[in-house]
Amino acid sequence: MPLVSMRQLLDEASAKGYGVGAFNVNNMEQIQAIMEAARETRSPVIVQASRGARAYSQDRFLYHLMLAATEIYPEIPTVLHLDHGNSVETCKSAIEMGFTSVMMDGSLMPDGKTPSSFEYNVEATRTVVEMAHAKGVTVEGEIGCLGGIEDGHGAGLDGLSHLTDPDQAVEFVKLTGLDALAIAIGTSHGAYKFTKKPTGETLKMERLMEIHRRLPNVHLVMHGSSSVPQDLQDIINQYGGKLKPTWGVPVEEIQLGIRNGVRKVNVDTDNRLAITGAIRKVFSEKPEEFDPRSYLKPAREAMKKVVALRMTQFGQAGHAGDYAPISLTQMAERYAAEPVTV
Ligand code: G3H
Ligand code: 13P
Ligand code: ZN
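Scoring rules and cut-offs
- All residue numbers here refer to positions counted from 1 along the written sequence of the relevant chain.
- In the order they appear in the text, chains get letters beginning with A and ligands get numbers beginning with 1.
- The predicted nature of this model means local features are confined to residues of pLDDT at least 70 and side-chain atom pairs, given and counted, to a pLDDT of 80 or more, with totals for whole chains, interfaces and linings taken over all residues.
- For side-chain calculations, the full set of non-hydrogen atoms in the structure is used, while hydrogens and water are omitted.
- Whether a residue is near a molecule or strand is decided by its heavy atoms; if any one of them lies within 4 Å of it, the residue is near.
- Pairs of N or O atoms are called polar contacts if they sit within 3.5 Å, as long as, within protein, a hydrogen donor faces a hydrogen acceptor (for residues adjacent in sequence, only side-chain-to-side-chain pairs).
- Methods summary: accessible areas were calculated by the Shrake-Rupley approach with a probe of 1.4 Å, and residue burial reflects only the protein chains presented.
- Segments assigned H or I by DSSP are reported as helices when at least four residues long, segments assigned E as strands when at least two residues long, and all are numbered from the N terminus.
- Here the nonpolar group is Ala, Val, Leu, Ile, Met, Phe, Trp, Tyr, Cys and Pro; Asp, Glu, Lys and Arg are the charged ones; every other residue, Gly included, is treated as polar.
- Axes here refer to lines fitted to C-alpha atoms; in helices the fit is confined to the stretch in contact. Angles between the N-to-C directions go from 0 to 180 degrees.
- When an angle is under 35 degrees it counts as roughly parallel; over 145 it counts as roughly antiparallel; between 65 and 115 it counts as roughly perpendicular; any other value is oblique.
- Handedness of a helix crossing follows the sense of rotation of the near helix relative to the far helix, less than a right angle counterclockwise being left-handed and clockwise being right-handed.
- In what follows, residue pairs with any heavy atoms lying within 4.5 Å of each other are defined as contacts.
- Only nitrogen, oxygen and sulfur atoms qualify as donors, and only when within 2.8 Å of the metal (3.2 Å in the case of Na, K and Ca); with water excluded, sites may look incomplete.
- Whether a residue is buried, partly exposed or exposed follows from its accessible area with a 1.4 Å probe, protein chains only, as a fraction of its type maximum: under 20%, in between, or over 50%, in that order.

Thoughts on the site of ligand 2
Item 1. Around ligand 2 lies a shell of 15 residues, among which Asp83, Lys193, Ser226, Asp268 and Thr269 are the nearest.
Item 2. Here an oxygen atom of ligand 2 sits 3.2 Å away from a polar atom, N or O, in the side chain of His223.
Item 3. Take Asn266: an N or O atom from its side chain is 3.0 Å from an oxygen atom of ligand 2.
Item 4. For ligand 2, whose accessible area on its own is 310 Å², the fraction buried by protein is 97%.
Item 5. Within the residue set of the shell around ligand 2, elements represented by two or more residues are β3 (78-85) and β8 (262-267).
Item 6. By residue class, the composition of the shell around ligand 2 is one nonpolar, eleven polar and three charged.

Okay, structure coming up:
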């Protein structure tokens, strides 16, 4: 089947009460790892590429790898999503290339670190919604800012400085007509999210639940959702890495989120850790190896294991065959029939 609209995947997930992992990719092995995990667990899937990923891969390569994925895995509903689009222009170029979903992250200015005004965010997101929906493409927006700045998306400081305000969230959804809403509840990108296992003081699940109560029909998105498992940290450090002690988002908190409106769960760091650990292990145990396949194969396998586990934990496993794809043309017609009225 062709690449599908993210809105369709999230609507289906909402109807059945599960979450869908959105996994970041930069290269062929990561795409293969995700697609193999999806086939093994029979999961619909969201594959996402950041601006950095598009630049690293020369995005036409990435796009054609994704077309190959739809040919090789025709039974898997697959979305190609732009992660953290920093401007209307970035979203436009992704839509023109064939991405079936885009994130307009107007919570930050185009530099990816300065928190923006509410008005700026509404204007940028609304513009992208109009442009994207005309082509049946899905739009994710963000209100509130993640903490940290490790990978170039975040407002710095701790994750608590720019939590999502529920009143603003309601207003933002009404004014933009978006399909999915990313919220800030204390997480940040990267490996160093929390200095100890998060509690209600540092990971604000209550805030998420309040937003869901106020917006029961809106698909919520949790960014910074890697769990940073101790075993993956240990493999890296055992083979010469230097990760400092750290905690991620416990899977049971993500599952609580899924019971409260979270439909898209963003995971990148856990896969980076899995890949790095597997490569370090080969380098350390077999220093005579120099064929890239000798370490890229175990790296791909390690990432596949993490992704398959998350697919099962988020509940998307077993749902790949539940529905036939709605074309982007049909999606555009649906949007046209229900225009944003504000
Ligand atoms: O949003 C953060 C993702 O982990 C992507 O990170 O910008 O380094 O590709 P990146
Ligand atoms: P992690 O760094 O926790 O994997 O978050 C990824 C993310 O939110 C991508 O947008
Ligand atoms: Zn993110």
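Considering the packing of helix α2 (residues 28-41) against helix α4 (residues 59-72)
Item 1. Where α2 contacts α4, the axes come no closer than 10 Å and their chain directions differ by 25 degrees. Of the possible angle classes, the one that applies to α2 and α4 is roughly parallel. Once α2 is placed against α4, the crossing between them reads as right-handed. Where α2 approaches α4, its residues Met28, Ile31, Met35 and Arg39 are matched on the opposing element by Leu62, Leu65, Met66, Ala69 and Ile72.
Item 2. For the contact of α2 with α4, the class distribution of residues is eight nonpolar, no polar and one charged.

Remarks on the coordination of the zinc ion (ligand 3)
Item 1. Protein coordination at the zinc ion (ligand 3): the donors are His84 (NE2), His189 (NE2) and His223 (ND1), at 2.0 to 2.1 Å from the metal.
Item 2. Overall, His189 belongs to the buried group, its relative accessible area being 12%.
Item 3. Look at His223 and you get buried, because its relative accessible area is 1%.

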